[in-house]
Amino acid sequence: MAVCTFFGHRDCAEPLGEKLQTVLEDLVINHSVDLFYVGKEGQFDAMVHQVLRNIKRKYPYIQYAVVLAYLPQQGTAEDYSDTMLPEGIETIHPRYAISWRNRWMLQKSDYVVTYITHTWGGAAKFAEIARRQHKVLINLAAE
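Residues numbered from 1 in each chain as written. Predicted model: local features only at pLDDT ≥ 70, side-chain atom pairs only at ≥ 80, totals over all residues. Heavy atoms only, no water.

Draft legend 1. Here's a closer look at the side chain of Asn 102. The residue Asn 102 is located in helix α3 (residues 97–108) in this model. Dropping the residues within four chain positions of it, Asn 102 is found in contact with Phe 7 and Phe 126. (Helix = DSSP H or I, 4+ residues; strand = E, 2+ residues; numbered from the N terminus. Contact = heavy atoms within 4.5 Å.)

If you want it as structure tokens, here you go:
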């Protein structure tokens, strides 16, 4: 089967829920994507996480994980039931953890869904890496 990951700008004021759901359902139905990895930084990641929860109800055979860059803080009331830490991230300095996690997700993925509106920043950097690695790249901002 196939794997998809996501990169988007931290600030994402545009409501993308319907567009994102349409793209993800197409990936599930027409491209056999059954595993999704998403980060946990910013509005785009939060929106993706919500849509993944919704389509999981419709397609219960798909899997997704919120891939953390840092160990969860002790004593928080946050739900970590759908999260994971990639093996090896515990050895990475926190300053480099997000980039390391993003490279890990990209390495595992066949498809990359992005929300890129400008050419600078981490999301744009990883979208460019995905393009150079010949991943199937879908930019919701260009749709």
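Draft legend 2. Broad picture of helix α1 (residues 17–31). Between its first and last C-alpha atoms α1 spans 20 Å; for 15 residues at 1.5 Å apiece the expected length is 21 Å, and the two agree. Listing the buried residues of α1 in full gives Leu 20, Val 23, Leu 24, Glu 25, Leu 27 and Val 28. Buried residues along α1 sit against β1 (2–8), β2 (33–38), α2 (42–58), β5 (111–115) and β6 (136–139). One or two residues past the end of α1 sits Ser 32, with phi positive at roughly 60 degrees. (Expected span 1.5 Å × (residues − 1). Buried < 20%, exposed > 50% of the residue type's maximum accessible area, 1.4 Å probe, protein only.)

Draft legend 3. Region of interest: the sheet that holds β1. Across the sheet, 6 strands lie side by side as β4-β3-β2-β1-β5-β6; this open sheet has parallel pairing. The sheet is open, and its two edges are formed by β4 (83–84) and β6, each paired on a single side. Set on the sheet, α1 makes contact with β1, β2, β5 and β6; between it and β5 the angle comes to about 175 degrees. Each of β1, β2, β3 (63–67) and β5 touches α2; the most contacted strand, β3, lies at about 155 degrees to it. (Pairing = 2+ DSSP bridges. Axes fitted to C-alpha atoms, helices over the stretch in contact; angles between N-to-C directions.)

Draft legend 4. Inspection of the packing of α3 against helix α4 (residues 122–132) at higher detail. Interaxial distance between α3 and α4 falls to 11 Å at its minimum, and their mutual angle equals 30 degrees. Judged by the angle between their axes, α3 and α4 are roughly parallel. Relative to α4, the crossing made by α3 is right-handed. Packed against α3, whose contacting residues are Ser 99, Asn 102, Arg 103 and Leu 106, the element α4 presents Lys 125, Phe 126, Ile 129 and Ala 130 at the interface. The residue inventory of the contact of α3 with α4, partitioned by class, reads 4 nonpolar, 2 polar and 2 charged. (Parallel < 35°, antiparallel > 145°, perpendicular 65-115°, else oblique. Left-handed = near helix turned anticlockwise from the far one by under 90°. Nonpolar A, V, L, I, M, F, W, Y, C, P; charged D, E, K, R; others polar.)

Draft legend 5. Just the packing of aromatic side chains, in detail. Going through the model one piece at a time under the given rule, you end up with 5 aromatic pairs. Measuring from centroid to centroid gives 6.3 Å for Tyr 59 and Tyr 61, while their planes differ by 80 degrees, and the two rings are edge-to-face. On the basis of relative accessibility, which here comes to 51%, the residue Tyr 61 falls in the exposed class. (Phe/Tyr/Trp six-rings, centres within 6.5 Å; stacked < 30°, edge-to-face > 60°.)

Draft legend 6. Looking closely at the pairing of β3. Counted residue by residue, β3 has 4 buried out of 5 residues, so it is predominantly covered. Following the backbone out of β2, through α2 and into the adjacent parallel β3, one traces a crossover that is right-handed. In terms of strand pairing, β3 meets β4 through 2 bridges, oriented parallel. Residue pairing in the sheet places Val 67 in a bridge with Met 84 of β4. (Right-handed = clockwise from strand over helix to strand, strands pointing away.)

Draft legend 7. View of the pattern of salt bridges. Applying the stated criterion across every chain, the model contains 4 salt bridges. Among the salt bridges present, the one from Glu 25 reaches Lys 58, with a minimum N-O distance of 3.5 Å. Residue Glu 25 is found in helix α1, and its partner Lys 58 is found in helix α2; the two are separated by 33 residues along the sequence. Here Glu 25 falls in the buried class, since its relative accessible area comes to 15%. Taking the shortest distance from any N to any O, the salt bridge between Glu 41 and Arg 101 comes out at 2.8 Å. Within this pair, whereas Glu 41 is found in the loop between β2 and α2, its partner Arg 101 is found in helix α3, the two being separated by 60 residues in sequence. In this structure, Glu 41 and Arg 101 share a single accessibility class: buried. Look at the salt bridges and you will find they share partners, linking Glu 128, Arg 131 and Arg 132 into a network. (Salt bridge = Lys/Arg side-chain N within 4 Å of Asp/Glu carboxyl O.)

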